Amino acid sequence: MPGNSDVGVFGLGPMGENFALNLLSRGFSVSIYNRTPERTRTFLERVGGAAGLTGTYSLRDFVASLSRPRRIFLFVKAGQPVDEVIAQLGPHLEPGDVLLDCGNSHFRDSDRRYEELLRKGIDFVGMGVSGGYEGALKGPSMMAGGSIRGYGSVEGVLREAAAKHRGDPCVSYFGPGGSGHLVKTVHNGIEYAMMAAIAEVYGVLRNGLGMGPDEASSVFEGWSSGELSSFLVEATYRVLRYREEGSGEPLIERVLDVAEQKGTGIWTAQLSLDLGVPAPSIAEAVHGRFVSAMRDFRQRASTYACAASLPRAEGEVVETCRWSLYLTFVASYLQGSLLLEAASKSLGYGFDVAEAFRVWRAGCIIRSRIVERAYAALSAFQGEGRTLQLMEEFQRDIREHVSEWGGFVALAARLGVPAPVTSSALNWYLAITSRRLTANLVQALRDYFGRHGFQRIDMHGTFSSGWGRE
Ligand SMILES: NC(=O)c1ccc[n+]([C@@H]2O[C@H](COP(=O)([O-])OP(=O)(O)OC[C@H]3O[C@@H](n4cnc5c(N)ncnc54)[C@H](OP(=O)(O)O)[C@@H]3O)[C@@H](O)[C@H]2O)c1
């Protein structure tokens, strides 16, 4: 083994193999390894004798084929497999080597792995990679955290491989431990809410206006160049339009209505609950996937479904859907931003939320015109209160179109189309911008039956009352 590959890629699933091809296309020499050797063989056969590519079939050969310090990108299934792979690689590594976990790992696991490997002198970098397998190939958005020295050692490679937004590489270092995976987790939470909001609009177009996939596709396509310009709206019109080879039927009509999940949405919702920072649209998107998985129950319960007929003209409904979807997208980003601000502070990562919006401008699944606008707005300001700065940026749109937002929720309810993400996004916005909520009544009731006490707007201290029962 010559020991001169620039980097190693461990794991040749859809992400790993495409990232390896991406690195090769930028002129880096790459060694590859996969637990199941058959996968390595198939990959080598497929890409032929690509210049700079070294296939290896043992961990020893893999590590020995890398130049020092070794820089290894792990693209393996998140969870236990990452610990197993780190344990297997450990004896072959030396202090100063860099291990990058590029899967969707929990940020707490990355905190732990960072500490454990630090003690052995290995520079661990936990890095979220977004953009799917196509992004991995052409240029993903990458969110790194962990060892700053390790990041420094691969930064040049990452900047080459990353998606570029007008020449600016969409990769950043967010801080110690699992900070990169934290940002990727919240990114995925936003992605959950955006996809669910799109599906809710599709429900109104399909059930309410009786649109078939082609018509609905045209509606989304029409929106994809305006305020709603985004990877996901574009993906939506392509998916709806796609006809299966052979039958010639729209494939979407044959897809089972069960949306699976791997964990990042749940982790974002848990983070929100742990920190006490509300992100209900993200949580509702997770609940929506649970509901979708209860397919048998839903079939039986559908006997009790209720729906009303559509009261409005088609053009008006489509406009209502457009603005409602746009504002739900904005609210989802705002929820994510608020969550990141709080998490960065309370977990001690110390990053600026603006940096997340910077790396989300290209390559990732949640890239959109809204993200570009958000980053431009944040760049113009400094200091605390990033989410408030974003609210300032979007407040005109929200004021002008809040009635369409509410109109969509009412319409969906009349049609019997569930729209929990849209309605929670609207209600989150109404609540988070309320100068005075009715939580005074909730607290008073808590005091009424539990003597939990309350604070007053006219005096300092904690008070309790018998509420007339003394
Ligand atoms: N797919 C996406 O769009 C996407 C997007 C962003 C992030 N990610 C994340 O990127 C990572 C890789 O994703 P993926 O979709 O390419 O593939 P994946 O299905 O999540 O993982 C497949 C890879 O993991 C390896 N693996 C599984 N268990 C292992 C173990 N115990 N020891 C060693 N290797 C093991 C597999 O090896 P074998 O061939 O031997 O089974 C294979 O190379 C995951 O964490 C995923 O969540 C995926």
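Whatever comes next refers back to the structure up there.
Visitor: Looking at this model, I keep getting lost on the nonpolar core. Mind explaining?
Guide: Soluble globular proteins tend to bury their nonpolar side chains together. The biggest cluster of nonpolar side chains holds 83 residues, and the ones touching the most others in it are Leu205, Phe220 and Trp360. For this core, the leading source of residues is helix α14 (residues 314-346), giving 15 residues. Counting residues in hydrophobic clusters, the runner-up holds 30 residues, among them Ala20, Leu24, Val98 and Val129.

Visitor: When you look at helix α7 (residues 148-161) in this model, what are you seeing that I'm missing?
Guide: Its 14 residues place the ends of α7 19 Å apart at the C-alpha level, agreeing with the 20 Å of an ideal helix rising 1.5 Å per residue. The sharpest bend along α7 comes to roughly 55°, located at Val154. The N-cap of α7, judged by a side-chain oxygen 3.3 Å from the amide nitrogen of Arg149 a few residues on, is Ser147.

Visitor: Explain the site of the ligand to me, please; I cannot follow it from the model alone.
Guide: Within the structure, the ligand sits among 21 residues, and Met15, Asn34, Thr36, Arg39 and Glu84 are positioned closest to it. The contact in question runs from an oxygen atom of the ligand to an N or O atom on the backbone of Met15, over 2.8 Å. One of the side-chain N or O atoms of Thr36 is found 2.4 Å from an oxygen atom in the ligand. Protein chains bury 82% of the 890 Å² of accessible surface belonging to the ligand in isolation. For the shell around the ligand, the secondary structure elements donating two or more residues are α1 (14-25) and α4 (80-89). The element that contributes the greatest number of residues to the shell around the ligand is α4, accounting for three residues.

Visitor: So what exactly am I meant to see when it comes to the packing of aromatic side chains here?
Guide: Each aromatic ring pair is summarised here by two numbers: the centre-to-centre distance and the angle between the ring planes. Applying the stated rule across the entire model yields 15 aromatic pairs. Their ring planes at 45° and their centres at 5.2 Å tell us that Phe19 and Phe75 sit as a pair that is tilted. Here Phe19 is found in helix α1, whereas its partner Phe75 is found in the loop between β4 (71-74) and α4, with 56 residues between them in sequence. Phe75 carries the same exposure label as Phe19, and that label is buried. An angle of 85° between the planes, with centres 5.4 Å apart, marks the rings of Phe174 and Phe351 as edge-to-face.

Visitor: How should I be thinking about the pattern of salt bridges in this particular structure?
Guide: If the charged atoms of two oppositely charged side chains come close together, the side chains can form a pair. Under the definition given, this model contains 30 salt bridges. In this structure, Arg70 and Glu94 form a salt bridge, with 3.7 Å as the shortest nitrogen-oxygen distance. Here the residue Arg70 occupies a position in the loop between α3 (59-64) and β4, and Glu94 occupies one in the loop between α4 and β5 (98-101), the gap between them amounting to 24 residues. Exposure remark for Arg70: the relative accessible area of 5% places this residue in the buried category. A relative accessible area of 33% places Glu94 in the partly exposed class. Glu221 is the salt-bridge partner of Arg241, the closest N and O atoms lying 2.2 Å from each other.

Visitor: Mind showing me how you'd approach unusual backbone geometry here?
Guide: Among all residues save glycine, negative phi is the norm, and among peptide bonds the norm is trans. Pro69 follows Arg68 through a cis peptide bond whose omega is -5°. Looking at where Pro69 falls in the secondary structure, it is placed in the loop between α3 and β4. The phi torsion at Arg166 lies on the positive side, around 45°, for a residue other than glycine. Take Arg166: its relative accessible area is 76%, and that puts it in the exposed class.

Visitor: Any chance you could explain the sheet that holds strand β7 (residues 141-146) here in plain terms?
Guide: Within a beta sheet, neighbouring strands are joined by backbone hydrogen bonds and run either parallel or antiparallel to one another. Ordered in space as β3-β2-β1-β4-β5-β6-β7-β10, the eight strands form an open sheet in which the pairing is mixed. The open sheet is flanked by β3 (53-55) and β10 (171-173), the only strands paired with a single partner. Taking each pair of neighbouring strands and ignoring which way they run, the sheet shows an average axis angle of 20°. Of the strand pairs in this sheet, strand β6 (residues 123-130) and β7 are connected by six bridges, and their pairing is antiparallel. Across the sheet, residue Gly126 finds its bridge partner in β7, namely Gly145. Packed onto the sheet, α4 meets β1 (7-10), β4, β5 and β6 and runs at close to 155° relative to β4. Contacts from helix α8 (residues 179-208) reach β5, β6 and β7 within the one sheet, and its direction differs from that of β7 by about 140°.

Visitor: What exactly am I supposed to notice about the side chain of Ser105 here?
Guide: Take Ser105: it is sitting in the loop between β5 and α5 (107-119). Within the structure, Ser105 has its side chain in polar contact with the side chain of Asp101 (distance 2.4 Å). When near neighbours in sequence (up to four residues on either side) are disregarded, Ser105 contacts Ala78, Val82, Ser110, Arg113, His181, Thr185 and Trp267.

Visitor: What is the right way to read the environment of Gly177 from this model?
Guide: Checked against the element boundaries, Gly177 lands in the loop between β10 and α8. When the C-alpha atoms of Gly177 and Gly222 are compared, they prove to be 43 Å apart, with 45 residues separating the residues in sequence. Setting aside anything within four residues of it in sequence, one finds Gly177 in contact with Ser110, Asp111, Tyr114, Gly145 and Gly146.

What counts and what doesn't
Residues numbered from 1 in each chain as written. Predicted model: local features only at pLDDT ≥ 70, side-chain atom pairs only at ≥ 80, totals over all residues. Heavy atoms only, no water. Core = buried A, V, L, I, M, F, W, Y, C linked by side-chain atoms within 4.5 Å. Buried < 20%, exposed > 50% of the residue type's maximum accessible area, 1.4 Å probe, protein only. Helix = DSSP H or I, 4+ residues; strand = E, 2+ residues; numbered from the N terminus. Expected span 1.5 Å × (residues − 1). Bend = angle between axes of the 7 residues up to and from the residue. Polar contact = N/O pair within 3.5 Å; in protein donor to acceptor, adjacent residues only side chain to side chain. Near = heavy atom within 4 Å. Areas by Shrake-Rupley, 256 points an atom, 1.4 Å probe, with all protein chains shown as cover. Phe/Tyr/Trp six-rings, centres within 6.5 Å; stacked < 30°, edge-to-face > 60°. Salt bridge = Lys/Arg side-chain N within 4 Å of Asp/Glu carboxyl O. Pairing = 2+ DSSP bridges. Axes fitted to C-alpha atoms, helices over the stretch in contact; angles between N-to-C directions. Contact = heavy atoms within 4.5 Å.

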